[in-house]
Amino acid sequence: MTGGPFRRLAIVGRKGAGRDRICAALDEINAVAGDFGATVAVERSLAAMVPGVRTVDVERDDLDLLISLGGDGTLLRAARSIFGRDIPVLGINLGSMGFLTSVSASGIEGGLRQVLGGRYAIEERRTLEAEVRSPEGEVRKTYRVLNDVVVHNAGAAQVLLLDLWVGPQDDLDEIGSFSGDGVILATPTGSTAYSLSAGGPIVVPEMNCFLVTPILPHTLAVRPLVVPGREEITVTALDRREPLFLTADGQEGGPVGHLDRVVVRMGTVKTPLVRLPGHSFFATLRQKLNWAARPIDGG
């Protein structure tokens, strides 16, 4: 699959990756971009690491391609900064796991040449929208995420009692209540993140669904759910004096009052991720999760 040319490139990066690694990656990107007549600018927070480089306001300026330098967290931050703008995101992995990234640190030149040369594919990843609603139904806060929404304790570690519902607000069907450390509501993209660590299933990104994964439930009868994308999930607190907390993509969040509801549904926008030829979800799983072991001959 090919697409139109990318001429205005912007870069976001993880400072924790180190100045030398960021600068080396930027040098490669600039060299390749120059060969294709493309311009490169970096987010303002990176400018101090690379004096003299052109800067860009990622959330407002016109872009053709957004490049993230780091791991999955950096790519999530990049994607969240352009939600709804239909700007493709290319992840270059300078971190450890990198489920969402497409290019390794050692493959920057080759990977970027393919992309700028039009040899790439776009994966449209689904998002979630979460609303914190007052008891009267007023929307206090809205969050949009690519990976997950987590409802958990705001302070010291203690057991929560949560109630889960499915369906529209005027016709809720109770799933049930459980005690535990919280609940994760994840997209298929987020199925390989926190939800996976909490025992949730891995879901192919193309699926129109989202996951409800309890965190350390105090009964084995409570298991993760896969819910159709047309549904809404409502989370409420039971028998609580302290507020809960909602965390969006592990990067922002806020309190959820004792009587508030968290209503989660599929988002109206998708995030376009750039993929190189030959890249596949299952190849990533084999590599990242070491699903490549085979029996020894004669064993």
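Above this text you will find the structure in question.
It should be emphasised that the depicted structure is a prediction, and the values quoted were computed from it without experimental measurement. (Residues numbered from 1 in each chain as written. Predicted model: local features only at pLDDT ≥ 70, side-chain atom pairs only at ≥ 80, totals over all residues. Heavy atoms only, no water.)

> How do you make sense of the environment of Gly37 when you look at a structure like this?
Tracing the sequence through the fold places Gly37 in the loop between α1 (19–35) and β2 (39–43). Note: C-alpha distance between Gly37 and Phe6 (31 residues apart in sequence) is 9.4 Å. (Helix = DSSP H or I, 4+ residues; strand = E, 2+ residues; numbered from the N terminus.)

> Quick question: what am I supposed to make of the packing of α1 against helix α4 (residues 108–116) here?
Packed helices, taken two at a time, are described by the angle between their axes plus the distance between the axes. One can describe the packing of α1 onto α4 by two numbers: an axis separation of 10 Å at closest approach and a directional angle of 35°. Between α1 and α4 lies a crossing of right-handed hand. Judged by residue contacts, Ala25, Glu28, Ile29, Val32, Ala33 and Asp35 of α1 engage Ile108, Glu109, Leu112, Arg113 and Leu116 from α4. In terms of residue class, the contact of α1 with α4 is made up of 7 nonpolar, no polar and 4 charged. (Axes fitted to C-alpha atoms, helices over the stretch in contact; angles between N-to-C directions. Left-handed = near helix turned anticlockwise from the far one by under 90°. Contact = heavy atoms within 4.5 Å. Nonpolar A, V, L, I, M, F, W, Y, C, P; charged D, E, K, R; others polar.)

> In this structure, what is going on with the pairing of strand β1 (residues 8–13)? I would like to understand it.
Taken residue by residue, a regular strand's side chains alternate between the two faces of the sheet. A large share of β1 lies buried, amounting to 5 of its 6 residues. In terms of strand pairing, β1 meets β2 through 4 bridges, oriented parallel. Pairing of Arg8 across the sheet is with Thr39, part of β2. (Buried < 20%, exposed > 50% of the residue type's maximum accessible area, 1.4 Å probe, protein only. Pairing = 2+ DSSP bridges.)

> How should the environment of Ala38 be read in this particular structure?
Position of Ala38 among the secondary structure elements: in the loop between α1 and β2. Residue classification places Ala38 among the buried positions, given a relative accessible area of 12%. Sequence-distant contacts of Ala38, defined by excluding residues within four places in its chain, comprise Phe6, Arg7, Leu9 and Ala33.

> Can you walk me through the pattern of salt bridges in this structure?
Side chains bearing opposite charge may pair, as long as their charged atoms lie close to each other. Taken as a whole and judged by the stated rule, the model has 15 salt bridges. With its nearest N and O atoms 2.9 Å apart, the salt bridge here joins Arg8 to Asp64. Linking Arg8 in strand β1 with Asp64 in the loop between β3 (55–56) and β4 (65–70), this pair joins segments that are 56 residues apart in sequence. For Arg8, a relative accessible area of 38% gives the class partly exposed. We note a salt bridge from Glu131 to Arg265, for which the minimum N-O separation is 3.3 Å. Taken as a pair, Glu131 in strand β7 (residues 121–133) and Arg265 in strand β18 (residues 261–275) lie far apart in primary sequence, 134 residues in all. A single burial state applies to Glu131 and to Arg265, both of which are buried. Overlapping salt bridges, with partners in common, bring together Glu129, Glu131, Arg133, Arg144, Glu232 and Arg265 in one network. (Salt bridge = Lys/Arg side-chain N within 4 Å of Asp/Glu carboxyl O.)

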